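Descriptive analysis of the structure
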Amino acid sequence: MNSDFSGQLVTLFGGGGFIGRYVAQALLARGARVRIAQRNPHSAAFLKPLGNLGQTQFAAADIRDAASVARVVQGSDAVISLVGSFANMDAVQHQGAAHVANACAAAGITRLVHVSAIGANVDSAAVYGRSKGQGEAAVRAAVPGAVILRPSTVFGRED
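Residues numbered from 1 in each chain as written. Predicted model: local features only at pLDDT ≥ 70, side-chain atom pairs only at ≥ 80, totals over all residues. Heavy atoms only, no water.

**So, the sheet that holds strand 4 (residues 78–81)**
Where we set the bar: Whether two strands pair comes down to DSSP finding at least two bridges between them. Helix and strand definitions follow DSSP, with helices as H or I runs of at least four residues and strands as E runs of at least two, each counted in order from the N terminus. To get an axis, fit a line to the C-alpha atoms, keeping to the stretch in contact for a helix; angles then go from 0 to 180 degrees between the N-to-C directions.
Pairing in this open sheet of six strands is parallel, and the strands run 3-2-1-4-5-6 from one edge to the other. Where the open sheet ends on each side, the last strands, each with one partner, are strand 3 (56–60) and strand 6 (147–149). Sheet twist, expressed as the mean angle between neighbouring strand axes with direction ignored, is 15°. As paired elements, strand 1 (residues 9–13) and strand 2 (residues 33–38) share five bridges and run parallel to each other. When the bridges of strand 2 are listed, Phe-13 appears paired with Ala-37.

Next comes the structure, spelled out in structure tokens:
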């Protein structure tokens, strides 16, 4: 993705979360229109004043529900998926990642960033690593040019 996002619509799954708030802020500062997609979009309302009038949208979507994911990616120029979980790992990190990638592929969206985790591996003995690895495989299968990031432990002031 280039650094000039002026007027482009970026759908951000998990935009109101720990990492998402900073990604949203950076995108808004670069002129993107940002659609925050999460189960409870009202919990991300604190992001609204970071953008100009009409620059921020909020949409209800559950990453575990393919139809809601497909609905919110429509019209997007790019999609970023930041959703992770220590509960329901397969449903969120494997199936949820597949829903996002498949929705992007169906909508013709090739600019997808998927945040995974260090140690992601489909053969991992740990459910967390295995579900992250399966999610990466699903993303690569649906959107071969997707960018997959594998951060280590992430922490900060909001912990």
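**Regarding the side chain of Lys-132**
Quick reminder of the rule: To sort residues, take the accessible area from a 1.4 Å probe on protein chains only and compare it with the maximum for the residue type: under 20% means buried, over 50% means exposed, and anything in between is partly exposed. Here the positive residues are Lys and Arg and the negative ones are Asp and Glu; neither His nor the chain ends is included. A side-chain nitrogen of Lys or Arg and a carboxyl oxygen of Asp or Glu constitute a salt bridge if their distance falls within 4 Å. Between two residues, a contact is recorded if the distance between any of their heavy atoms is within 4.5 Å.
Note on placement: Lys-132 falls in helix 4 (residues 127–142). Buried and unpaired, Lys-132 has no salt bridge, with Glu-136 as the nearest side chain of opposite charge at 7.7 Å. Excluding residues within four positions of it along the chain, Lys-132 makes contact with Val-83, Gly-84, Gln-93, Val-115, Ser-116, Ala-117 and Ala-120.

**Some thoughts on the packing of aromatic side chains**
Using the following cut-off: Each aromatic pair joins two rings of Phe, Tyr and Trp (for Trp, the six-membered one) with centres within 6.5 Å, and gets the label stacked for planes under 30 degrees apart, edge-to-face for over 60, and tilted for any other angle.
Scanning all chains against the criterion turns up one aromatic pair. Centroid distance Phe-86 to Tyr-128: 5.2 Å. Interplanar angle 25°. Geometry classified as stacked. Taken together, the residues Phe-86 in the loop between strand 4 and helix 3 (89–107) and Tyr-128 in helix 4 connect sequence positions 42 residues apart. Judged by relative accessible area, Phe-86 falls into the exposed class, the value being 70%.

**Comments concerning the pairing of strand 2**
Rules: With the strands pointing away from the viewer, any crossover whose connection runs clockwise from the first strand over the helix to the second is right-handed.
The element strand 2 is largely enclosed, with a buried count of five among its six residues. Taking the sense of rotation as the criterion, the β-α-β connection linking strand 1, helix 1 (residues 20–29) and strand 2 turns out right-handed. Pairing between strand 2 and strand 3: five bridges, direction parallel. Among the inter-strand pairings, Arg-35 is bridged to a residue of strand 3, identified as Gln-57.

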